[in-house]
Amino acid sequence: TPTLLWFRRDLRLQDNPALMEAIARGGAIVPVFIQEAAGEDQWSEGAASSWWRHRALARLDEALRARGSRLVLARGDAASVLRELIEATGAEAVYWNRRYEPAQVATDRAVKAGLRAAGVEVQSFNSALLFEPQSIANKQGKPFQVFTPYWRHCLALPIAEPVRCAATALPAPASWPRSLALDELGLQPTIPWDGGLRENWEPGEGGAMARLKAFVREGIEGYAEDRNRPDHAGTSRLSPWLHHGEIGPRQIWSAVKAIGRESGVFPPHNGARVFLSEIGWREFAYHLLFHFPRTPEQPLREEFARFPWAEDRGGTKLAAWQRGRTGYPIVDAGLRELWHTGWMHNRVRMIVASFLVKHQRLPWQRGAKWFWDTLVDADLASNTLGWQWSAGCGADAAPYFRIFAPVLQGRKFDPAGDYVRRWVPELARIPVEHIHAPWEAPPAILARAGVTLGENYPRPIVDHAQARAEALAAFKELRRGN
Ligand code: FAD
């Protein structure tokens, strides 16, 4: 009898345990993707991520068709869709790979219980993580809240090899159930804002493997030094493929392990060690989200719920930040890179997040929401961790009183100003010594560069020293209140 193979955030054929187990079970396989109704959950996929998903589904369908199969598409409530498909195909089993977001955990639990009660065999597997959150605890049996001991604990555990799918054909059902057309899932933008995304990304399992191979060949050795430099491509940029599950962490781990195979040394060099620890931060993010499911909305450190945020009447402060018009070039460059490409360099994510929560004193949740809608890698676990880290209210977070100075950050990590020039073209002709603080440049230099502050580039919307003092005062007030 057929098995329904429910694809979710595991849009790949390689290293896909649910697929391998469905093959092992025997009988026809009916691959299905359900665009789930948003329901109560405010974290249904954002616009940029939906753009990616549309293409990832197209690639997955192609890969399945090359094996005599196809992807059945549906829309709606998962439990009802699965029931209808069971009826239409005569399937007696449903297999999937697990999810860890609070709303998805709840859905999966309910679906599993409902199907089992109806006599359907349900099995779930791990495709997304090296260390599933429910299997990791500290000596007291509690979840970890600090990265270093968490990662030390994990590194002492075995890591499974990726499972290889060598099947050139997948058994098809006698007849295929009805499927929506991909366009009917409504994932595409209705107005064409996605030119920059199309230029920059190649969703799909093939694109992910190509990127991994290129990074392991050329990027990883210098990663420890280059990873902080937004002015050149020093990181892997694997995050959107990882989020959509077109590649899994076991495949990444195994590719890195292969580098050092001849020398027998693992990790083969410091670049690899640091890179794998970033994969560890992703694992840690899932650990925290799973064990502290309120954190996408609420600070992990509860006292921060009373933080005295600044007012933003009419939303003008937030809008200046979103549009990259704060008057701080490195901040503006980051937000424009995000808007154009759906991605932002990690160092700059930290800078713009710090600016929002400390210089503008706006709630971190507003920034998280913006990222959620604009990032192709928008991921509830990593986004929550990143924002709470930046706001000083999360696990192992940067202390609130450590306030990034955007000008110094710009000079340090974009020393020639190339990143700013690329994303803030109106500043392109400003000499390097003034590129990160154009308001300090002599008028003649600005004139020569064609920059009129307040006209074609904003003056800083907040003064750094004053904003810093106000942020520290707000933090003191919070401490006093506790
Ligand atoms: P690389 O440096 O090549 O790292 C490899 C992989 O490790 C990444 O693809 C990612 O999966 C993981 N990783 C790296 N750094 C982190 C980190 N700090 N936390 C968790 N995982 C990490 N990452 C997302 O995937 N989705 C998000 O929505 C997201 N939101 C963020 C918000 C803020 C405010 C901050 C500060 C960080 C956020 N990050 C998020 C983490 C990080 O910025 C990105 O994972 C990284 O920039 C992706 O680029 P890369 O693939 O080239 O990373």
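This one's a predicted model, so the numbers in the text were calculated from it and none came from an experiment. (Residues numbered from 1 in each chain as written. Predicted model: local features only at pLDDT ≥ 70, side-chain atom pairs only at ≥ 80, totals over all residues.)

An account of the overall build of the protein chain is needed here, citing residue identities and associated values.
Regarding its fold elements, the protein chain presents 21 helices and 5 strands. In terms of C-alpha radius of gyration, the protein chain reaches 24 Å, essentially the compact-globule figure of 23 Å for 482 residues. Dimensions of the protein chain, computed from the C-alpha atoms along their principal axes, are close to 75 × 55 × 50 Å. Out of the 482 residues belonging to the protein chain, those deemed buried represent 44%. Sequence separation of 24 or more characterises 78% of the internal contacts of the protein chain that already satisfy a separation of 6 or more. (Helix = DSSP H or I, 4+ residues; strand = E, 2+ residues; numbered from the N terminus. Rg over C-alpha atoms; globule rule 2.2 N^0.38 Å. Buried ≥ 20, exposed ≤ 12 C-beta atoms within 10 Å, placed from the backbone. Contact = placed C-beta atoms within 7 Å.)

How would you summarise the domain arrangement of the protein chain if you had to cite specific residues and measurements?
As far as domains go, the protein chain holds domain 1 (1-126), domain 2 (129-162 + 205-291) and domain 3 (302-481). Every contact between the two is made by 17 residues of domain 2 and, on the other side, 20 residues of domain 3. Looking at the side of domain 2 that touches domain 3, the elements that each hand over two or more residues are α9 (239-244) and α11 (270-291). Sort the elements by how many residues they give to the side of domain 2 that touches domain 3 and α11 lands first, with 5 residues. (Domains from an automatic or database assignment.)

Which residues make up the environment of Pro329, and what values do they have?
Mapping Pro329 onto the fold places it in helix α13 (residues 329-341). The exposure class assigned to Pro329 is buried, which follows from the 29 C-beta atoms found within 10 Å. C-alpha separation for the pair Pro329 and Tyr419, spaced 90 residues apart in sequence, amounts to 9.4 Å.

Tell me what's going on with the site of the ligand, and back it up with residues and numbers.
As a structural note, the neighbourhood of the ligand is formed by 28 residues, with Thr235, Ser236, Ser239, Asn383 and Gly386 the closest of them. Sorting the residues of the shell around the ligand by element identifies α9, α11, α14 (346-359) and α16 (380-390) as the ones contributing at least two each. The element best represented in the shell around the ligand is α16, accounting for 6 residues. Among the residues making up the shell around the ligand, the classes are represented as 12 nonpolar, 9 polar and 7 charged. When residues of the shell around the ligand are sorted by domain, at least three fall in each of domain 2 (129-162 + 205-291) and domain 3 (302-481). (Near = placed C-beta within 6 Å. Nonpolar A, V, L, I, M, F, W, Y, C, P; charged D, E, K, R; others polar.)

Describe the packing of α11 against α16, listing the residues and the values that go with them.
For the pair α11 and α16, the least separation of the axes is 8 Å and the interaxial angle reads 90°. Here α11 lies roughly perpendicular to α16, going by the angle between them. Listed contacts from α16 to Arg282, Ala285, Tyr286, Leu288 and Leu289 of α11 are Leu380, Ala381, Ser382, Thr384 and Leu385. Here the contact of α11 with α16 is composed, by residue class, of 7 nonpolar, 2 polar and 1 charged. (Axes fitted to C-alpha atoms, helices over the stretch in contact; angles between N-to-C directions. Parallel < 35°, antiparallel > 145°, perpendicular 65-115°, else oblique.)

How would you summarise helix α15 (residues 364-374) if you had to cite specific residues and measurements?
Counted residue by residue, α15 has 8 buried out of 11 residues, so it is predominantly covered. Of all the positions in α15, only Trp364, Arg366, Gly367, Ala368, Trp370, Phe371, Trp372 and Thr374 are classed as buried. Tucked inside the fold, the buried residues of α15 contact α2 (47-65), α12 (316-322), α13, α14 and α16.

Can you lay out the pairing of strand β2 (residues 29-36) for me, pointing to particular residues and giving the numbers?
In terms of burial, β2 is a largely internal element, 7 of the 8 residues being buried. As defined by bridge partners, strand β1 (residues 3-7) adjoins β2 across 5 bridges and the pair is classed as parallel. Looking across to β2, one finds that Leu4 is bridged to Val30. Two elements, β2 and strand β3 (residues 72-76), share 5 bridges in a ladder whose sense is parallel. Residue Ile34 lies in a different strand from β3, and its bridge partner there is Ala74. (Pairing = 2+ DSSP bridges.)

Explain the UniProt feature "binding site: FAD" (unreviewed entry) in the protein chain to me, using residue names and the numbers behind them.
With numbering matched to this structure, UniProt assigns "binding site: FAD" (unreviewed entry) to Tyr223, Thr235, Ser236, Arg237, Leu238, Ser239, Phe275, Asp377, Ala378 and Asp379. What stands out for the annotated residues spanning 157 residues is how far apart their C-alpha atoms range, the widest pair being 22.7 Å apart. With 21 C-beta atoms packed within 10 Å, Tyr223 lands in the buried category. Along the chain, the position of Ser236 falls in the loop between α8 (223-226) and α9. Residue Ser236 is classed as buried on the basis of its 21 C-beta neighbours within 10 Å. Ignoring sequence-local partners within four residues, the contact set of Ser236 consists of Arg211, Phe215 and Gly219. (UniProt positions renumbered as here; feature names shortened; annotations may be inferred.)

Go over the sheet that holds strand β5 (residues 121-125), please, and point to the residues and values.
Taken in spatial order, the 5 strands make up an open sheet running β3-β2-β1-β4-β5, and their pairing is parallel. Each of the sheet's edge strands pairs with one partner strand only, and the pair in question is β3 and β5. Strand-to-strand twist across the sheet, computed as the mean angle between neighbouring axes with direction ignored, equals 25°. The strands touched by helix α3 (residues 78-89) are β1, β2, β3 and β4 (93-97); relative to β2, the strand with the most contacts, the crossing angle is about 155°.

Lay out the nonpolar core in plain terms, naming residues and giving numbers.
Core analysis: the largest hydrophobic core is formed by 106 residues, its most contacted members being Leu4, Leu5 and Val32. By size, the runner-up hydrophobic cluster in this structure holds 13 residues, among which are Leu212, Ile247, Ile252 and Phe275. (Core = buried A, V, L, I, M, F, W, Y, C linked by C-beta atoms within 7 Å.)

Describe helix α17 (residues 406-413), with residues and values.
For an α-helix, 3.6 residues make a turn, and residues three or four places apart therefore share a direction. For α17, the complete set of buried residues consists of Pro406, Gln409 and Gly410. The buried residues of α17 occupy an angular sector of 100° when projected down its axis, which confines them to one face. Elements that come into contact with the buried residues of α17 comprise α13, α14 and α18 (418-423). (Arc of directions from axis to C-beta.)

I'd love a proper account of the packing of helix α5 (residues 147-155) against α11, names of residues and values included.
Contact geometry for α5 and α11: axes closest at 10 Å, N-to-C directions at 105°. On the basis of their axis angle, the class for α5 and α11 is roughly perpendicular. Counting all contacts with α5, which are made through Phe147, Tyr150, Trp151 and Cys154, the residues of α11 involved are Ser277, Gly280, Trp281, Glu283, Phe284 and His287.

Report on unusual backbone geometry, specifying residues and quantitative values.
In this model, Phe266 is joined to Pro267 through a cis peptide bond whose omega is -10°. Among the secondary structure elements, Pro267 is positioned in the loop between α10 (249-259) and α11. Look at Asp15: it is not a glycine, yet its phi comes out positive at around 50°. With respect to the helices and strands, Asp15 occurs in the loop between β1 and α1 (17-25). Residue Arg237 is not a glycine yet carries a positive backbone phi of 55°.

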